[in-house]
Amino acid sequence: MQGDIQNIVILTGAGISAESGVATFRGPDGLWEGHRVEDVATPEAFARDPDLVQNFYDERRAKLKTVHPNAAHKALAKLDAQWPGDLLLVTQNVDDLHDRAGSKNLLHMHGELNSGWCRACDGRSPFDGVMAAGPACPLCGQSGQLRPDIVWFGEMPYQMDRIDLALTQCDLFLSIGTSGAVYPAAGFVQTARHYGAQTLEMNLDPSEGSFHFHESRMGKAGTLVPEWVEEMLRDV
Ligand code: OAD
């Protein structure tokens, strides 16, 4: 797998944070912590029942304070620090575990729990409290206008231009802990492969797009990712 690899793009999903104790989205019952997706993760849900949606994300934000980066987050931060080529880590996760592990070349394409988006001034600012209480926006001072800075279904993921460019230029695309159910992230493997990248998947079980990858490694991210990082850094 190593060969002439210089530029790497890594996509992570909820599976990488599972061993830290953060729930993944798609359980066997199709519910997110007991909620239907359309009740908590769409702009329409927020318009219909803002308290339900705010409480859902407030709970998830509070939970973040009780969890820690695991061996997989730490191994990717080590690779980020030591890899001599370009490396871009794109996460679908709205937790801050990659940040806390120390990854620097990191994009949160689906937003962040610890960020608020003000509907009055359109500004985004760090936020780690309780949004249901209707706090004032630190930028414009208006109360009750903050919403979670999370990309909901029907909204455009962040920084797609930068991600698309990196996908066309990478030599290796690695996907970790994602079910491959949500686009555009689920299509990254096809773009990278189309432009000539090697493609590798690590997941507990085959994702929906498993057949697109050159290689699939099945198991826990906390075991597979550190092993792979050591492989990559062996000859650096
Ligand atoms: P999912 O919950 O759909 O998928 C998580 C994947 O991780 C599953 O395929 C599991 O088998 C796998 N998994 C679980 N534990 C694992 C472990 N220890 N090691 C490796 N893999 C493991 O989560 P995502 O694919 O991230 O968007 O979901 C994509 C998006 O759907 C989310 O970003 C979210 C949701 O809509 C937004 O909130 C905007």
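Here the structure is shown first, and the text comes after it.
Read on for an overview of the structure. (Residues numbered from 1 in each chain as written. Predicted model: local features only at pLDDT ≥ 70, side-chain atom pairs only at ≥ 80, totals over all residues. Heavy atoms only, no water.)

Description of the pattern of salt bridges
Here is step 1 of the chain: Tallied over the entire structure, the rule returns 10 salt bridges.
Here is step 2 of the chain: Residue Arg61 pairs with Asp58 through a salt bridge whose shortest N-O separation is 2.6 Å. Linking Arg61 with Asp58, this pair stays in helix H4 (residues 50–64), spanning three residues, or about one helical turn. Each of the two residues, Arg61 as well as Asp58, counts as buried. (Salt bridge = Lys/Arg side-chain N within 4 Å of Asp/Glu carboxyl O. Helix = DSSP H or I, 4+ residues; strand = E, 2+ residues; numbered from the N terminus. Buried < 20%, exposed > 50% of the residue type's maximum accessible area, 1.4 Å probe, protein only.)

Brief notes about the sheet that holds strand E2 (residues 87–91)
Here is step 1 of the chain: Read across the sheet, six strands follow the order E3-E2-E1-E7-E8-E9 without closing on themselves; strand pairing throughout is parallel. In this open sheet, the two edge strands, each paired with only one partner strand, are strand E3 (106–108) and strand E9 (215–218). The sheet shows a mean angle of 15 degrees between the axes of neighbouring strands, taken without regard to direction.
Here is step 2 of the chain: When strand E1 (residues 8–12) meets strand E7 (residues 172–176), the two strands line up parallel, connected through five bridges. Looking across to E7, one finds that Thr12 is bridged to Ile176.
Here is step 3 of the chain: Along the sheet, helix H7 (residues 160–169) makes contact with E1, E2, E3 and E7, crossing E2 at roughly 130 degrees.
Here is step 4 of the chain: Set on the sheet, helix H9 (residues 221–233) makes contact with E1, E7, strand E8 (198–203) and E9; between it and E7 the angle comes to about 160 degrees. (Pairing = 2+ DSSP bridges. Axes fitted to C-alpha atoms, helices over the stretch in contact; angles between N-to-C directions. Contact = heavy atoms within 4.5 Å.)

Remarks on unusual backbone geometry
Here is step 1 of the chain: Residues Tyr183 and Pro184 are joined by a peptide bond in cis, for which omega reads 10 degrees.
Here is step 2 of the chain: Positive phi, close to 60 degrees, is recorded for Gln159, a residue that is not glycine.
Here is step 3 of the chain: Turning to its location among the elements, Gln159 is positioned in the loop between strand E6 (146–150) and H7.
Here is step 4 of the chain: Since its relative accessible area comes to 44%, Gln159 is described here as partly exposed.

Observations concerning the site of the ligand
Here is step 1 of the chain: Near the ligand you find 23 residues, and of these Phe25, Arg26, Val151, Thr178 and Ser179 are the closest.
Here is step 2 of the chain: Here an oxygen atom of the ligand and a side-chain polar atom of His110 are 2.8 Å apart.
Here is step 3 of the chain: Considered on its own, the ligand offers 790 Å² of accessible surface; in the complex 92% of this is hidden by protein.
Here is step 4 of the chain: Mapping the ligand onto the cavity grids shows that it belongs to the largest pocket.
Here is step 5 of the chain: Its residues assigned to classes, the shell around the ligand shows nine nonpolar, 10 polar and four charged. (Near = heavy atom within 4 Å. Polar contact = N/O pair within 3.5 Å; in protein donor to acceptor, adjacent residues only side chain to side chain. Areas by Shrake-Rupley, 256 points an atom, 1.4 Å probe, with all protein chains shown as cover. 1 Å grid on protein atoms, 1.4 Å probe; cavity = no way out; pocket = protein on both sides within 12 Å on 5 of 7 lines; lining within 4 Å. Sits in = over half its atoms within 2 Å of the grid points. Nonpolar A, V, L, I, M, F, W, Y, C, P; charged D, E, K, R; others polar.)

Structural notes on the layout of surface pockets
Here is step 1 of the chain: Volume-wise, the largest pocket comes out at about 820 Å³.
Here is step 2 of the chain: Lining the largest pocket are 39 residues, and of these Ala14, Phe25, Arg26, Thr178 and Ser179 sit closest to its centre.
Here is step 3 of the chain: Broken down by class, the residue content of the lining of the largest pocket amounts to 20 nonpolar, 13 polar and six charged. (Points joined across faces, edges and corners; volume = space filled by probe spheres on them.)

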